[in-house]
Amino acid sequence: MITKELYTELKKITPEEERILSGRAEIEKDIYMLQDSGIGDRYVVDAKKLLDEGKLIQVRPHTRFVHFPKHTHNYVEMIYMCCGSTHHIIDGEDIWLHEEEMLFLNQKSQQEIYPAAEEDIAVNFIILPEFFDYVLKMMGEEKNLLRDFVIGCLKGENEDAAYMHFKVAGILPIQNLLENLIWSIWNRQPNRRSINQATMGLLFLHLMNHMEQMETNTENHSKRLIIDVYSYIEENYRDGELTKLAGLLNYDMYWLSREIRKRTGRSYTELVQEKRLSQAAYLLRNTAMSVMDIGMAVGYDNTSYFHRIFQKQYRMTPRKYRISKKDK
């Protein structure tokens, strides 16, 4: 929950909102839009209008009392609902964002917003895609299929996932991190770039633990299924089996196997092996565990087999891989 002091700041009527309340019937496009946008009924909200030069992230209160026409963004938008609710149309879908929920929109999504009331307080994050490159580095080097999927959605690389709606009200660590992030940016905290990157990284780590609370325009079978598969592999790559996953998801195992290959281009076994080997490489770089212990830790009881597939993946034995990384 946002502190009383920050809530008071965010609730203040802005000069733009005063003009709206005085009778202006539409948003002031010069504040938001590219000069050459507005072809047909679509506009482009421009990061350069909203971000200070050289900055990768900024926050601003959502403008209330007015309808926002259909528009896209040339940045990633994250919306946090401090209190109340807002009504959005995203790529033709009705989305209600309620208190303490988050909404991520990538650059390819088309958004329309209905007027918010005075008590509907939302914070808009304006984020350049390259900001997430820092977040990825902060979150670690080991392969994480779920994390890569989410970042891909944000950066527009997963083309049919225009938004991600996280219904995370009441999840205290996420709420605290969001408040910290808003406070740091709003108050121009010293060292805020490093602080903001670290906070966003922690926020994403927590969101990864609550993917069941996430909805997207790909709630239709395909993307929801892949999210569930990736989540299962992240938690069970050591000993998770396709038969067990199929049972958990209530799917026929053979159908699920075909669907995974169709949607990812890889088999379930290949996805698990990719995760196991990337985790083994991470442990070789960052721990003093023996090669045999690492193989067992990531799910390979047969040390010879572990050596063989690791060498095939990295073109060197685990021992030589470790030595090569220490030399750098």
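Located above this text is the structure these notes cover.
Rules and cut-offs
Residues numbered from 1 in each chain as written. Predicted model: local features only at pLDDT ≥ 70, side-chain atom pairs only at ≥ 80, totals over all residues. Heavy atoms only, no water. Pairing = 2+ DSSP bridges. Helix = DSSP H or I, 4+ residues; strand = E, 2+ residues; numbered from the N terminus. Axes fitted to C-alpha atoms, helices over the stretch in contact; angles between N-to-C directions. Contact = heavy atoms within 4.5 Å. Expected span 1.5 Å × (residues − 1). Buried < 20%, exposed > 50% of the residue type's maximum accessible area, 1.4 Å probe, protein only. Core = buried A, V, L, I, M, F, W, Y, C linked by side-chain atoms within 4.5 Å. Arc of directions from axis to C-beta. Salt bridge = Lys/Arg side-chain N within 4 Å of Asp/Glu carboxyl O. Phe/Tyr/Trp six-rings, centres within 6.5 Å; stacked < 30°, edge-to-face > 60°. Parallel < 35°, antiparallel > 145°, perpendicular 65-115°, else oblique. Left-handed = near helix turned anticlockwise from the far one by under 90°. Nonpolar A, V, L, I, M, F, W, Y, C, P; charged D, E, K, R; others polar.

A. Representation of the sheet that holds strand β6 (residues 93-98) within the structure. As summarised here, the arrangement of the 5 strands in space is β1-β3-β8-β5-β6, forming an open sheet in which the pairing is mixed. Two strands lie at the open edges of the sheet, namely β1 (43-45) and β6, each paired on one side alone. When the angles between neighbouring strand axes are averaged without regard to direction, this sheet yields 40°. Bridging between strand β5 (residues 85-90) and β6 involves 6 bridges; their strand directions are antiparallel.

B. Quick look at the sheet that holds strand β10 (residues 163-166). With respect to topology, 6 strands assemble into an open sheet ordered β2-β9-β4-β7-β10-β11, the strand pairing being antiparallel. The open sheet has two edge strands, β2 (57-61) and β11 (214-216), and neither has a second partner. Each strand axis lies, on average, 20° off the axis of its neighbour in the sheet, ignoring direction. The sheet strands contacting helix α1 (residues 4-11) are β2, β4 (76-83) and β9 (121-127), and the helix crosses β9 at an angle near 85°.

C. Examining helix α8 (residues 192-208) more closely. Its 17 residues give α8 an end-to-end C-alpha distance of 24 Å, which sits within 8% of 24 Å, the value for a rise of 1.5 Å per residue. Those residues of α8 that sit buried are Asn 196, Gln 197, Thr 199, Met 200, Gly 201, Leu 203, Phe 204, Leu 207 and Met 208.

D. Looking closely at the nonpolar core. Grouped together as the largest cluster of nonpolar side chains are 56 residues, with contacts concentrated most on Met 78, Met 102, Phe 125 and Met 200. Broken down by element, this core gets its largest block of residues, 6 residues, from helix α7 (residues 172-186). With residues up to four places along the chain from it excluded, the contact list for Met 200 reads Ile 57, Met 78, Ile 127, Phe 131, Val 135 and Leu 181. Formed by 29 residues, the second largest nonpolar core is a distinct cluster that contains Leu 245, Leu 271, Ala 281 and Leu 283.

E. Representation of the environment of Tyr 134 within the structure. Structurally, Tyr 134 is set in helix α5 (residues 131-138). Given a relative accessible area of 37%, Tyr 134 falls into the partly exposed group. Those residues in contact with Tyr 134, other than ones at most four positions away along the chain, are Leu 56 and Gln 197.

F. Structural view of the pairing of β5. Within β5, 6 of the 6 residues are buried, which leaves it mostly tucked inside the rest of the structure. Alternating residues of β5 divide into Ser 85, His 87 and Ile 89 and Thr 86, His 88 and Ile 90, and every residue in both groups is buried. Here β5 runs beside strand β8 (residues 111-113); their pairing, made up of 3 bridges, is antiparallel. From the neighbouring strand, Ile 90 faces β8, where its bridge partner is Gln 111.

G. How the structure looks around helix α10 (residues 242-249). Within α10, the full set of buried residues consists of Leu 242, Leu 245, Ala 246 and Leu 249. The buried residues of α10 occupy an angular sector of 100° when the element is viewed end-on, so they sit on one face. Set apart from the buried face of α10 by more than 90 degrees, the exposed residues are Lys 244 and Leu 248. Phi turns positive one or two residues past the end of α10, at Asn 250, with a value near 60°.

H. Fine view of the pattern of salt bridges. Evaluated as defined, the whole model comprises 11 salt bridges. Lys 12 is the partner of Glu 9 in a salt bridge, and the nearest nitrogen-oxygen pair spans 3.0 Å. Using a relative accessible area of 45% as the deciding quantity, one classes Lys 12 as partly exposed. The salt bridge involving Glu 17 is made with Arg 64; its shortest N-O contact spans 2.8 Å. Highlighted residues: Glu 17 in helix α2 (residues 15-21) and Arg 64 in the loop between β2 and β3 (68-73), separated in sequence by 47 residues. On the basis of relative accessibility, which here comes to 1%, the residue Glu 17 falls in the buried class.

I. How the structure looks around the packing of aromatic side chains. Applying the stated criterion across every chain yields a total of 12 aromatic pairs. A centroid spacing of 5.6 Å and a plane angle of 75° characterise the contact between Tyr 32 and Phe 68, whose relative ring orientation is edge-to-face. Separated by 36 residues along the polypeptide, Tyr 32 in helix α3 (residues 29-32) and Phe 68 in strand β3 bring together distant segments of the chain. For the pair Tyr 32 and Phe 68, a shared accessibility class is recorded, and that class is buried. When the ring of Phe 310 is compared with that of Tyr 321, the centres are 5.4 Å apart and the planes differ by 80°; the resulting orientation is edge-to-face. Of this pair, Phe 310 sits in helix α14 (residues 303-314) while Tyr 321 sits in helix α15 (residues 318-326), placing them 11 residues apart in sequence. There is no split in this pair, since Phe 310 and Tyr 321 are both buried. Joined through ring pairs, the aromatic side chains of Tyr 300, Tyr 305, Phe 306, Phe 310, Tyr 314 and Tyr 321 make up one cluster.

J. Seen up close, the packing of α7 against α8. At their nearest, the axes of α7 and α8 sit 10 Å apart, and the two run at 160° to each other. Between α7 and α8, the angle is such that the two are roughly antiparallel. Considering how the two elements wind past one another, α7 and α8 form a crossing that is left-handed. Contact residues: α7 offers Pro 173, Ile 174, Leu 177, Leu 178, Leu 181, Ser 184 and Ile 185, while α8 offers Arg 192, Ile 195, Asn 196, Thr 199, Met 200, Leu 202, Leu 203, His 206 and Leu 207. For the contact of α7 with α8, the residue count by class is 11 nonpolar, 4 polar and 1 charged.

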